[in-house]
Structure formats: C-alpha cells, structure tokens
Amino acid sequence: AQSVTQLDSQVPVFEEAPVELRCNYSSSVSVYLFWYVQYPNQGLQLLLKYLSGSTLVKGINGFEAEFNKSQTSFHLRKPSVHLSDTAEYFCAVNPTLRGSNYKLTFGKGTLLTVNP
Amino acid sequence: DGGITQSPKYLFRKEGQNVTLSCEQNLNHDAMYWYRQDPGQGLRLIYYSQIVNDFQKGDIAEGYSVSREKKESFPLTVTSAQKNPTAFYLCASSIQAGASEQYFGPGTRLTVT
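Residues numbered from 1 in each chain as written. Chains lettered and ligands numbered in written order. Predicted model: local features only at pLDDT ≥ 70, side-chain atom pairs only at ≥ 80, totals over all residues. Heavy atoms only, no water.

Asker: Which residues make up the interface of chain A and chain B, and what are the values?
Answerer: Opposite the 22 residues of chain A that make contact, chain B presents 25 residues. Approximately 1,900 Å² of surface area, both sides summed, lies buried where chain A meets chain B, with 48% of it carried by carbon and sulfur atoms. For Glu101(B), the salt bridge goes to Lys49(A), with nearest N and O atoms at 2.5 Å. Of all elements in the fold, only strand S5 (31-38), strand S6 (44-50) and strand S10 (87-95) of chain A reach the threshold of two or more residues within the side of chain A that touches chain B. The biggest single contributor to the side of chain A that touches chain B is S5(A), with 4 residues. (Contact = heavy atoms within 4.5 Å. Buried area = accessible area lost by both parts, 1.4 Å probe. Salt bridge = Lys/Arg side-chain N within 4 Å of Asp/Glu carboxyl O. Helix = DSSP H or I, 4+ residues; strand = E, 2+ residues; numbered from the N terminus.)

Structure below.
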C-alpha cells in the first residue's frame, strides 16, 4: 500500500516570492510521482510527473519538482509565484507494477494562496 | 477536442432520492474512475473500471453504484444509502488501468438537503 503526506495544508506567500510545497510518500514498491493543480470548482490538471530518469522534473507554469529517493520526497517549487498560481495542489503516487491492486493515491492537498 | 465531460456542474437533490452523475470521455481510454472530494480530505476512490462491462470497488464504494456499458461512458449513481452524499465528484480516465497518468473532468458538485 502507498501513502502520501503533504506536510502543509496551507501556504500563504507574497507575489513574486519563491515557494516550496512539500510531499513525502511511503511505498513498498517503486512508484510514479505526480503533482496536480486544482483551481476553485474545477477538475485536476497535471502539473508534472516523474516516471524515470532525471530526478529534476519541469512542468507547466514554471513549476519544477525534485525526486529524492532516499528521503522519499517529491517537493514542488517555483522561483517566483503569480497571483494566478493561487490554487490547491495535490501530490499523488502510482505503483509502477501493474496489477489488480494498483491505485493512484493522493495527498490531502496544499492550498497555495498568493497575496499581492 | 478530446476530453472528459461531466454534467451537470451543480446538482441539488432531496434526501432519500437516488441521483445519477454523468461522465463521458472521447479519449478512447479503456479505464475510468470516480473520486469523491471533501474539504481537507484529498481525493478518495469510489469505483473504477478497467474495461467495458467490468468495474471494481474503490475505498469508499458503499452507497454508490456504477455501470460501464460503453467505453465512453461511466455513470455514477449516488443512492439513498449513502449517508453523507454532499460532496464534489470527479471523474477521470487513463489509457489503461495502471497507466501512469489520469485525466480529470471538471467535476460535479452535489448538494443533498
């Protein structure tokens, strides 16, 4: 079984400041890792994903994340946020092994609020 | 334009009534999923379907039912047995079950009073 912990439920930040949203996971098997963004009253949109290869992954809207296997973390970063980045962000994992009990497991979300 | 559509966006029902939420995809994906989202709880899997005429229970299936008669469609029925049906419901699909990425619809907000 997998579990995902997003360490901060809310992160307030000022416009143009850097931000890091933290995600740790637990799994007995190898996993793929994802960050999704959800704007108010909308569905989820994929920001970026780590499947294999380089541990630094770049996504849309200037976001990037780094996979750290030893620390089982996949933190999301952006060097300078905009007001339009205000949204809820979800970290998720999916086992790489396919089978009847695969599942995309989500963290509880981090609400990023960018203030002017 | 390929994607997932959910209708309606907002749905209101009286307690004790069954209600069906629609989910349609034109991505030619084999697998489809229903999630429930409550504030501060993340997404929880209700049901998923790997292929037409097949579906499995997720983590919180009690009080819900689904069907998968067509590849494009995966409707969710919220029955009167669901104790706390008011929530935001999200449908998703992937190329196949266990695929690395899921694509989400815009969601339906159900309010039961």
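Asker: An account of the layout of surface pockets is requested, with residue identities and associated values reported.
Answerer: One number sums up the size of the largest pocket: a volume of about 310 Å³. For the largest pocket, the lining is made up of 18 residues, of which Gln38(A), Asn41(A), Glu88(A), Gln37(B) and Arg109(B) are closest to its centre. Its volume calculated, the second largest pocket comes out at about 240 Å³. The wall of the second largest pocket is formed by 19 residues, among which Val4(A), Thr105(A), Phe106(A), Gly107(A) and Lys108(A) lie closest to the centre. Of all the secondary-structure elements, those providing two or more residues to the lining of the second largest pocket are strand S1 (2-6) and strand S11 (105-106) of chain A together with strand S5 (43-51) of chain B. Here the element with the most residues in the lining of the second largest pocket is S1(A); it accounts for 5 residues. Residue composition of the lining of the second largest pocket, grouped by class: 6 nonpolar, 8 polar and 5 charged. (1 Å grid on protein atoms, 1.4 Å probe; cavity = no way out; pocket = protein on both sides within 12 Å on 5 of 7 lines; lining within 4 Å. Points joined across faces, edges and corners; volume = space filled by probe spheres on them. Nonpolar A, V, L, I, M, F, W, Y, C, P; charged D, E, K, R; others polar.)

Asker: Give me the sheet that holds strand S1 (residues 4-7) of chain B: which residues, what numbers.
Answerer: Strands in a sheet are paired, the pairing made by backbone hydrogen bonds, and the direction either parallel or antiparallel. Residue and element names in this part refer to chain B. Read across the open sheet, the 4 strands follow the order S1-S3-S8-S7; overall the sheet is antiparallel. Edge positions in the sheet fall to S1 and strand S7 (64-66), since each has one partner strand and no second. Adjacent strand axes in the sheet meet at a mean angle of 20°, parallel and antiparallel pairs treated alike. Pairing analysis gives 3 bridges linking strand S3 (residues 19-25) to strand S8 (residues 76-78), with the strands arranged antiparallel. (Pairing = 2+ DSSP bridges. Axes fitted to C-alpha atoms, helices over the stretch in contact; angles between N-to-C directions.)

Asker: Please give an account of the state of the cysteines that cites residues and values.
Answerer: Residues and elements named next belong to chain A. A complete count under the given rule lists 2 disulfides over all chains for this structure. Residue pairing for Cys23: its cysteine sulfur links by disulfide to Cys91, the two sulfurs lying 2.0 Å apart. Taking the torsion about the sulfur-sulfur bond, which here is approximately -70°, the covalent link between Cys23 and Cys91 counts as left-handed. Taken as a pair, Cys23 in strand S4 (residues 23-27) and Cys91 in strand S10 lie far apart in primary sequence, 68 residues in all. (Disulfide = S-S within 2.5 Å.)

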